[in-house]
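Listed below, chain by chain, are the residues.
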Amino acid sequence: MKILLTGANGYIGRRLLPVLVEQQHEVVCMVRDPRRFELQDTLKDKVQIVKGDLLRPETLASLPKDIDAAYYLVHSMGGHGNDFEKAEQTSAENFVDYLDSTTAKQIIYLSGLSNTTHLSKHLSSRRHVEDILNKAKAFLTVLRASIIIGSGSASFEIIRDLVEKLPVMITPRWLNSRCQPIAIRDVIFYLTNVLGNSACYEQRLEIGGPDVLTYKQMLEKLAKVRHLKRFIFTVPVLTPKLSSYWLYFVTSTSFSIARSLVESLRSDTIVQDDRIRQIIPHENLNYEEAIRLAYAKIEQNMVISSWKDALVSGTMQLNYMDFVQIPEHGLLTDKQLIKIEQDPTIVLENIWRIGGTQGWYKTDFLWEIRGLLDKMAGGVGLKRGRRHPTQIRAGETIDFWRVLVADREKQRLLLYAEMKVPGEAWLQFRIVNKPDGPYLEQLAAFRPDGLLGRLYWYAMLPFHFIIFRGMASNIAHRGPAALPNTTV
């Protein structure tokens, strides 16, 4: 089949794409900016990438008309602030207008599960999108899921952060709400098996794993799997807003996602209609199996995608890839040039390991303080880490930076600040060849936003003096690191 995949660079889309290709489907990926959609080599010749923005209907005119089915994996929960409901409605309406001009027979939409009529804003918006998609000429198939457990998923990373960082937790009473977590592997199974399945046309199907657990039990079971002793106390005084702030500061999530999650999890999310078991018989992984599989992927450095990839984690502009060239004028800069006395490939590896658990090669405690200040200012903080310890691709995150360029061949890494700053900031690493040998060039560039931006830069100069020279020197002189475990 010829399939249109929207949200292809999101958490679910990146997992679904290789499976569809493996099943011999012809896949057209619609993305807003192809520059931040970097495909693995095995997929590049098998996938068509088209540019389109569902909030701008004029960009959809060039999309293919001869498709058989379409996956709608688009949501705006973290990218449009309080206007995400309007953005989701507009996106869905524009999508239906486009799809009605095609030969598509089926739309597949991944929605949220809820057992209450008093829906949160997030789930209410998902239901509204379902109703809009149902107006299309193509048959609609909706899969409603509760918590999705997988390496890199927002839900799993939040649970993991809480358990691994807090020996004692004072938690809100919604931790006694029940849910039916499902492994990402099983979500992908259902997404591919409803495709072209006439029994699933015009159906809204609920999917979940075999376990019904409270959120407190989910924390306890993850602690058990990790051999950690944790004490969890629930109290009635934590309001949804306080709970959202609590999640935001303790975990790597953004406040918008924390708020939506808290609002959604205040009621049960359990499968009540299990028709999917008769339509598509399948044995789902239980919660502990899903956790162990997620950790296995993390430990083997095989995390395919992360919730942070889809611009739902911060305040980045959608056109941030326009900044792949650092401006020549109006900048305040700190440039370090260090002669490389060892094999330049070792230095390149050091560059490619920056951030995450590796750290920033100099005064990591100052980076931690900067990350905490960023969180307090409503930014993304330093806890997001990175998807893989040695691999980097354009569009993904490294702590509070977004990767603009990751070009090994040209020996260049360019990062763009996603932290809260009064201006725009870049951090670039290059290996340049001079007559007397190779050098590491490290450039920190800042384009200030008015007087406040300039004051910020000059206030940070003492720290820049400590950090940047030492960071460049350590990157240039540190020897080869041990290779990570990549056993499959």
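A few points on the structure. Once a new chain begins, its residue numbering starts again from 1 and follows that chain's sequence as written. It should be noted that, the model being predicted, local features are given only for residues of pLDDT at least 70 and side-chain atom pairs only at 80 or more, the latter also being counted only at that level, while totals for whole chains, interfaces and linings use all residues. Water and hydrogen atoms play no part in the side-chain values, which are based on all heavy atoms of the structure.

1. Overview of the packing of aromatic side chains
Ring pairs shown here join Phe, Tyr and Trp side chains whose ring centres sit within 6.5 Å, with only the six-membered ring taken for Trp; geometry is labelled stacked below 30 degrees between planes, edge-to-face above 60, and tilted in between. Taken as a whole and judged by the stated rule, the model has 12 aromatic pairs. Geometrically, the ring pair formed by Tyr72 and Phe95 is tilted, given 4.8 Å between the ring centres and 50° between the ring planes. Taken together, the residues span a long stretch of sequence, with Tyr72 in strand β4 (residues 69-72) and Phe95 in helix α3 (residues 84-99) at a distance of 23 residues. Residue Tyr72 shares its accessibility class with Phe95, and that shared class is buried. Considering the side-chain rings of Trp367 and Phe400, the 6.2 Å spacing of their centres and the 40° angle between planes classify their relative orientation as tilted. Within this pair, whereas Trp367 is found in helix α13 (residues 364-376), its partner Phe400 is found in the loop between β15 (397-398) and β16 (401-407), the two being separated by 33 residues in sequence. For the pair Trp367 and Phe400, a shared accessibility class is recorded, and that class is buried. For the purposes of this entry, the term helix denotes a DSSP run of H or I that reaches at least four residues, the term strand denotes a run of E that reaches at least two, and both are numbered from the N terminus. Per-residue accessibility, obtained with a 1.4 Å probe over protein chains only, is compared with the maximum for each type, and a residue is labelled buried under 20%, exposed over 50%, and partly exposed between these values.

2. Structural notes on the environment of Ala136
Within the secondary structure layout, Ala136 lies in the loop between α4 (121-133) and β6 (139-145). Residue Ala136 is classed as buried on the basis of its relative accessible area, which comes to 9%. With 36 residues separating them in the primary sequence, Ala136 and Asp100 have C-alpha atoms 6.2 Å apart. Contacts are residue-level and defined by heavy atoms, with any inter-residue pair within 4.5 Å sufficient. In this view, Ala136 contacts Val96, Asp100 and Ile107; residues no more than four positions away in its chain are not counted.

3. A look at the pairing of strand β19 (residues 437-448)
Buried residues dominate β19, accounting for 11 of its 12 residues. Two strands make a pair as long as DSSP finds a minimum of two bridges between them. Relative to β19, strand β14 (residues 332-339) runs antiparallel, the two being bridged by 8 bridges. In the strand pairing of β19, Thr333 is matched with Ala445. Note: strand β18 (residues 423-434) against β19, 12 bridges, orientation antiparallel. Following the sheet pairing, Gly423 is matched in β19 by Pro448.

4. With respect to the side chain of Thr214
Among the structural elements, Thr214 can be located in strand β12 (residues 213-214). Setting aside residues no more than four positions away along its own chain, Thr214 makes contact with Leu175, Asn176, Ser177 and Arg178.

5. Here's the deal with the pattern of salt bridges
What counts as a salt bridge is simple: a side-chain nitrogen of Lys or Arg found within 4 Å of a carboxyl oxygen of Asp or Glu. In this structure the tally under the stated criterion is 23 salt bridges. Between Arg144 and Glu130 there is a salt bridge, with its nearest N and O atoms 2.7 Å apart. Separated by 14 residues along the polypeptide, Arg144 in strand β6 and Glu130 in helix α4 bring together distant segments of the chain. Given the relative accessible area of 14%, Arg144 is considered buried. With relative accessibility at 0%, the residue Glu130 sits in the buried group. Residue Asp161 is joined to Lys165 by a salt bridge in which the shortest nitrogen-to-oxygen separation is 3.6 Å. Here Asp161 and its partner Lys165 are both found in helix α5 (residues 154-165), 4 residues apart, which amounts to about one turn of the helix. Given the relative accessible area of 38%, Lys165 is considered partly exposed. By sharing partners, the salt bridges in this structure join Arg127, Glu130, Asp131, Arg144 and Arg204 into a single network.

6. Things to note about a nonpolar patch on the surface
Patch membership is restricted to residues that have no salt bridge and whose relative accessible area is over 30%. Joining uses 9 Å for like charges and 5 Å for the nonpolar side chains Val, Leu, Ile, Met, Phe, Trp and Tyr. Per-residue accessibility takes into account occlusion by the displayed protein chains alone, with areas from the Shrake-Rupley method and a 1.4 Å probe. Together, Tyr245, Phe249, Phe365, Ile369, Leu372, Leu373 and Met376 line one region of the surface with nonpolar side chains, adding up to about 710 Å² of accessible area. No other element matches α13, which puts 5 residues into the nonpolar patch. When you line up the elements, Tyr245 lands in helix α8 (residues 240-250). Residue Tyr245 is classed as partly exposed on the basis of its relative accessible area of 35%.

7. A few points about the sheet that holds β6
The 7 strands are arranged β3-β2-β1-β4-β5-β6-β11 in an open sheet whose pairing can be described as parallel. The open sheet has two free edges, formed respectively by β3 (47-51) and β11 (203-207), since each of these has just one partner strand. Within this sheet the neighbouring strands show an average axis-to-axis angle of 20°, counted without direction. Judged from the 3 bridges that link them, strand β1 (residues 2-6) and β4 form a sheet pairing that is parallel. From the neighbouring strand, Leu5 faces β4, where its bridge partner is Tyr71. Between the N-to-C directions of two axes lies an angle of 0 to 180 degrees, each axis being a line fitted to C-alpha atoms and, for a helix, fitted only over the stretch in contact.

8. Details of the packing of helix α7 (residues 215-225) against helix α11 (residues 287-299)
Orientation of α7 relative to α11, taken along the N-to-C sense of each, is 55°, at an axis distance of 10 Å. The angle between α7 and α11 falls in the class oblique. Note that α7 runs across α11; the crossing there is right-handed. Contacts from Met218, Lys221, Leu222, Lys224 and Val225 in α7 reach Tyr287, Glu288, Ile291, Arg292 and Tyr295 in α11. Of the residues assigned to the contact of α7 with α11, the class counts are 6 nonpolar, no polar and 4 charged. We call two directions roughly parallel when the angle between them is under 35 degrees, roughly antiparallel when it is over 145, roughly perpendicular when it lies between 65 and 115, and oblique otherwise. Two helices cross in a left-handed way if the nearer one is turned anticlockwise from the farther one by less than a right angle. They cross in a right-handed way if the turn is clockwise. When residues are sorted by character, Ala, Val, Leu, Ile, Met, Phe, Trp, Tyr, Cys and Pro go into the nonpolar class, Asp, Glu, Lys and Arg into the charged class, and all the rest, Gly among them, into the polar class.

9. Notes on the packing of helix α1 (residues 11-22) against helix α6 (residues 184-193)
Geometry of a packed helix pair, given as the angle between the helix axes and the separation of the axes. Direction vectors running N to C along α1 and α6 enclose 60°, while the axes themselves pass 10 Å from each other. By the angle between their directions, the pair α1 and α6 is classed as oblique. The way α1 lies across α6 gives a crossing that is right-handed. Contacts from Tyr11, Ile12, Arg15, Leu16, Val19 and Leu20 of α1 reach α6 at Ile184, Ile188, Leu191 and Thr192. In terms of residue class, the contact of α1 with α6 is built from 8 nonpolar, 1 polar and 1 charged.

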